Amino acid sequence: METTAIKAYGNEAADAQLTQLNINRRKPTPHDVAIEILFCGVCHSDLHTARSEWGPTIYPCVPGHEIVGKVVSVGDHVSKFKVGDVVGVGCMVDSCRECEYCKEGLEQYCEPGMTGTYNSPDKNLPGNPTFGGYSESIVVDENYVLHIPENLDLAATAPLLCAGITTYSPLHHWNVGPDKKVGIVGIGGLGHMGIKIAKAMGAHVVAFTTSESKFAEAKRLGADEVVLSKDAEQMAAFRGKLHFVLDAVSAEHDINAYLSLLRVDGSLALVGAPEHPLPVAAFSLIVGRKSFAGSAIGGIQETQEMLDFCGKHNITADIEMIDIQNINQAYDRLLKGDVNYRFVIDMISLKNKNV
Ligand code: NAP
Ligand code: ZN
Ligand code: ZN
């Protein structure tokens, strides 16, 4: 297949910094949309993957799956998009399209496996991994491209493509709404979106943070109550009180402490994906018939539904814009929880500077 060389940012090994490199993108096929990338959010999954924390990463690795850009060309058979449209690409760029889950709109659980936006085998360029949004442009089948609501700020919308859908999907699945008390644990990129979305769904939202600095902030984001999770007394006040807990913590922590906050028949859904297993005590689940679950991003149709929901409720991420040349410092800060609340790369920086 014909390819075009473009500029990107990535790394060559788990312990290597990200630097500028060239990658090849396929020439658009009749079903493809070619997108010039304007903004790309920085997800903690980018860091886990670049550093090979989730099993062997394929190098070079070009992360980035919170992409907003402009359509620069469309294939002959493309019907959903036209040149000039502002579009989004999230965590997946393909799936088998035939299994029962793909047919149900649960492409993220595709039986043979979805094609991740980065670090997946590229079906179109055999022998190569897919490369993500830390790059000038991307070519994606139109069925995996999203429409961006017109009223939203584009840079602040980029994080919806992963952080937004990853929190919206479980909140929706577990029927969060006006009569529900919901805990959101870990107020980072995902967690801060979880607060905003759960609040817009009408729930009573309780934010749990390890950071004293985020205490007041969580209320500004929409939480009704905030708990400093290191304080045993504050935690005890919520024992048995919550219908649902969404855990978006990126590192090891005591999951049993959060299971104890659930009411009878309550569920805790883990979206955070720490490198190491989290031990769960049998009695944390047995007493109270509680469920410990997980959830991965969301399907394509559900992602569009989430974007439309955010358009309607005027929800975007709180972002700190960076140049691509500062990505390594951004990762260091992400590890320290020092971000309010999502870094977004202004991709013009990749075009303008040669570092
Ligand atoms: P992030 O912005 O770095 O936020 C993670 C938050 O977790 C931090 O802000 C911090 O919140 C809390 N935290 C960090 N270290 C902690 C520790 N040692 N103990 C307790 N709390 C700690 O990360 P993110 O981008 O939101 O991603 C969160 C996790 O979700 C990552 O593991 C990511 O890979 C995963 N993820 C999963 C999916 C999925 O489909 N399931 C999708 C995207 C991301 P406080 O300061 O408030 O305590
Ligand atoms: Zn992500
Ligand atoms: Zn499938």
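Residues numbered from 1 in each chain as written. Chains lettered and ligands numbered in written order. Predicted model: local features only at pLDDT ≥ 70, side-chain atom pairs only at ≥ 80, totals over all residues. Heavy atoms only, no water.

**Here's the deal with the sheet that holds strand β14 (residues 262–270)**
Pairing is parallel across the open sheet formed by six strands, whose spatial order is β12-β11-β10-β13-β14-β15. At either end of the open sheet lies a strand with only one pairing partner, and these are β12 (225–228) and β15 (291–294). Averaged over all adjacent pairs, the angle separating strand axes in this sheet is 20 degrees, with direction ignored. Here strand β11 (residues 204–209) pairs with β12 via four bridges, running parallel. Paired with Ala207 across the strands is Val226, a residue of β12. Here helix α4 (residues 163–173) sits on the sheet in contact with β10 (181–185), β13 (242–247) and β14, set at roughly 160 degrees to β13. (Pairing = 2+ DSSP bridges. Helix = DSSP H or I, 4+ residues; strand = E, 2+ residues; numbered from the N terminus. Axes fitted to C-alpha atoms, helices over the stretch in contact; angles between N-to-C directions. Contact = heavy atoms within 4.5 Å.)

**Quick look at the coordination of the zinc ion (ligand 2)**
Coordination of the zinc ion (ligand 2) by the protein is provided by Cys43 (SG), His65 (NE2) and Cys162 (SG), with metal-donor distances spanning 2.0 to 2.2 Å. In primary-sequence terms, the residues that donate to the zinc ion (ligand 2) follow C-x21-H-x96-C. Taken together, the positions of His65 in the loop between α1 (44–50) and β4 (67–74) and Cys162 in the loop between α3 (154–157) and α4 put the pair 97 residues apart, joining distant regions of the chain. The class of His65 is buried, set by a relative accessible area of 8%. Among the residues examined, Cys162 registers a relative accessible area of 4% and is labelled buried. (Donors = N, O, S within 2.8 Å, 3.2 Å for Na, K, Ca; no water. Buried < 20%, exposed > 50% of the residue type's maximum accessible area, 1.4 Å probe, protein only.)

The analysis is restricted to geometry; functional conclusions fall outside its scope.
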